[in-house]
Every structure is written in C-alpha cells, then in structure tokens.
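Next come the chains, spelled out residue by residue.
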Amino acid sequence: MQDIQILNGLLTDGNDRSRYEKALYWEYKYFIEEGSRKYQLSNDDSFSAYSDAILSVIRNISTQSFKNESSLKTYLFQIFSNKCIDLIRKRTTNKQKVNQSSAEPELLSHLPDATKGIIEKMMDEQKLMAIKQYLEVIGEKCKEILLLFEDGYTDDQIARKLVYSNAAVAKTTRLRCLEKIKEKMKNIFINHE
C-alpha cells in the first residue's frame, strides 16, 4: 500500500481507519527484527518500541503533526529508533537507580519498625487508590485489558479471551490504554497544581 493511501486512510474514522492502522503496522513490521539486531534489544523490547512508534505515528498523522517532509517509512523508522534508544537509556538509568538509595527509604529507616510498617502500608494503599481512580476514568474495555495483563495474562491469552484478531492487536490496544491512563494522570496532576 502506498504512503498516500495510508495517510488518507488514517484521517478517516471507524473501520476504514482501523484497516489502514493495520496496513501501516504490517507494512513495516520487519523493523522489529532490525531493532533487535541494531540496538541489541530483546524481541519483546523491539516489539514494544515498534508498537509505541506505530501509535505515535498514528497520533501524529491524526492530529496533522506529520508534515509529510519525509516518506512515511523514514518518519516511522526515526520514531522507532528513538523509542529503541529510549529503552536502552531507561535500562541504563534503572541500573544506576538500583545502586542509589532514595530519600524516602532512608527516612523510613530511622523510624521504629512498627511505625515504618504503618507508613509503608499507607503509602501502598494511597498508590493503589490512585491507580483504581485512573482505571475508572479510562473506560471499561481498557480497564479490563489492563487488569488481565496485570493478572499475568499474555497478549495472546488476552486476544483469545477478549476476542481480538491476534496478540499484536491486543498489545496495541493495551498500549493505547496505557497511553490513555498516562494522559489522564498528567491531566489530574496539572489540574491539582
């Protein structure tokens, strides 16, 4: 399928748009293998970067942020490359964080064990309440898929349980839901400042 067809198709609504989203996804799916090789990522990490890149490209086309200054393939590959690099940086940063102590646990270490336990429980409960709030505002379908994933279901199992055409569609849907929850969290924090 040509770029212009995909671009025009992504500006439509409903089933037509979904068809063009899938076409875009399948057209450049080989990027996953390239990402694994070029960036030395696991297949899952490369797949995740590719899915994130597809979602970003679809969003940028829908909001007309894509200015058509390069081919769709070049544009997608640049975003995909950035996502791969972000994963590498995140992995490196997380390794560094393991070796650093944060102020919160250090402050808790000075408290008596009983008090420390109560405060940790309160912090966990507060985090859980916040997550439940966010799940309520993203919609029932998103809530269902995220809870299944949290319960340990694979994307393939979720696809079968929720009747998606395949695991890739389930994963893309799950990632969209995560984007929704991130957006809601950002809006909530902005509104409370």
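For the structure, check the block above.
Residues numbered from 1 in each chain as written. Predicted model: local features only at pLDDT ≥ 70, side-chain atom pairs only at ≥ 80, totals over all residues. Heavy atoms only, no water.

Engineer: What is the right way to read the nonpolar core from this model?
Structural biologist: Within soluble globular proteins, side chains that are nonpolar generally end up buried alongside one another. Among the nonpolar cores identified, the biggest contains 27 residues, and Leu24, Tyr50, Val57 and Leu76 are the most heavily contacted of them. Of all elements in the fold, only α1 (3-10), α2 (14-27), α3 (31-39), α4 (43-62) and α5 (72-98) reach the threshold of two or more residues within this core. The element that contributes the greatest number of residues to this core is α4, accounting for eight residues. Counting residues in each nonpolar core, the second largest holds 14 residues, with Tyr134, Cys142, Ile158 and Ala159 among its members. (Core = buried A, V, L, I, M, F, W, Y, C linked by side-chain atoms within 4.5 Å. Buried < 20%, exposed > 50% of the residue type's maximum accessible area, 1.4 Å probe, protein only. Helix = DSSP H or I, 4+ residues; strand = E, 2+ residues; numbered from the N terminus.)

Engineer: Explain the packing of aromatic side chains here, please?
Structural biologist: Note on aromatic pairs: each is described by the distance of the centres and the angle between the planes. Enumeration over the complete set of coordinates arrives at ten aromatic pairs. Look at Phe31 and Tyr50: their rings are 6.3 Å apart centre to centre, the planes differ by 85°, and that puts the pair in the edge-to-face class. Of the two residues, Phe31 is situated in helix α3 and Tyr50 in helix α4; the sequence distance between them amounts to 19 residues. Tyr50 carries the same exposure label as Phe31, and that label is buried. (Phe/Tyr/Trp six-rings, centres within 6.5 Å; stacked < 30°, edge-to-face > 60°.)

Engineer: Please explain the packing of α2 against α4 as it appears in this structure.
Structural biologist: Geometry of a packed helix pair, given as the angle between the helix axes and the separation of the axes. Relative to each other, α2 and α4 sit at 135°, their axes nearing to 11 Å. Between α2 and α4, the interaxial angle falls into the category oblique. Our pair here, α2 against α4, has a crossing hand that is right-handed. In this structure, α2 contributes Arg17, Glu21, Leu24 and Tyr25 to the contact, and α4 contributes Phe47, Tyr50, Ile54, Val57, Ile58 and Ser62. (Axes fitted to C-alpha atoms, helices over the stretch in contact; angles between N-to-C directions. Parallel < 35°, antiparallel > 145°, perpendicular 65-115°, else oblique. Left-handed = near helix turned anticlockwise from the far one by under 90°. Contact = heavy atoms within 4.5 Å.)

Engineer: Would you mind going over α2 with me for this structure?
Structural biologist: For an α-helix, 3.6 residues make a turn, and residues three or four places apart therefore share a direction. For α2, spanning 14 residues, the distance from its first C-alpha to its last is 20 Å, which sits close to the expected 20 Å at 1.5 Å a residue. The set of residues buried in α2 consists of Tyr20, Glu21, Ala23, Leu24 and Tyr25. (Expected span 1.5 Å × (residues − 1).)

Engineer: In this structure, what is going on with the state of the cysteines? I would like to understand it.
Structural biologist: For the structure on display, the rule yields one disulfide. Each sulfur of the disulfide joining Cys142 and Cys177 lies 2.1 Å from the other. Looking along the S-S bond of the Cys142-Cys177 disulfide, the torsion reads about -75°, which is the left-handed sense. Taken together, the residues span a long stretch of sequence, with Cys142 in helix α8 (residues 140-150) and Cys177 in helix α10 (residues 167-192) at a distance of 35 residues. Like Cys177, Cys142 is buried. (Disulfide = S-S within 2.5 Å.)

Engineer: Is there a simple way to think about the side chain of Asn60 in this case?
Structural biologist: By the secondary structure assignment, Asn60 is in helix α4. Once residues within four sequence positions are removed from consideration, Asn60 is found in contact with Ser65, Phe66, Tyr75 and Ile79.

Engineer: Explain unusual backbone geometry to me, please; I cannot follow it from the model alone.
Structural biologist: Backbone geometry places Asn68, a non-glycine residue, at a positive phi of 60°. The residue Asn68 is located in the loop between α4 and α5 in this model. Judged by relative accessible area, which is 48%, Asn68 ranks as partly exposed. A positive phi angle, near 60°, is found at Val163, a position not held by glycine. Within the secondary structure, Val163 is located in the loop between α9 (155-162) and α10.

Engineer: Would you mind showing me how to read α3 here?
Structural biologist: Those residues of α3 that sit buried are Phe31, Ile32, Gly35, Ser36 and Tyr39. The buried residues of α3 all sit within an arc of 145° when viewed along its axis, so they share a single face. Residues of α3 that are exposed and angled more than 90 degrees away from the buried face: Glu33, Arg37 and Lys38. Gln40 sits one or two positions beyond α3 and adopts a positive phi of about 55°. (Arc of directions from axis to C-beta.)

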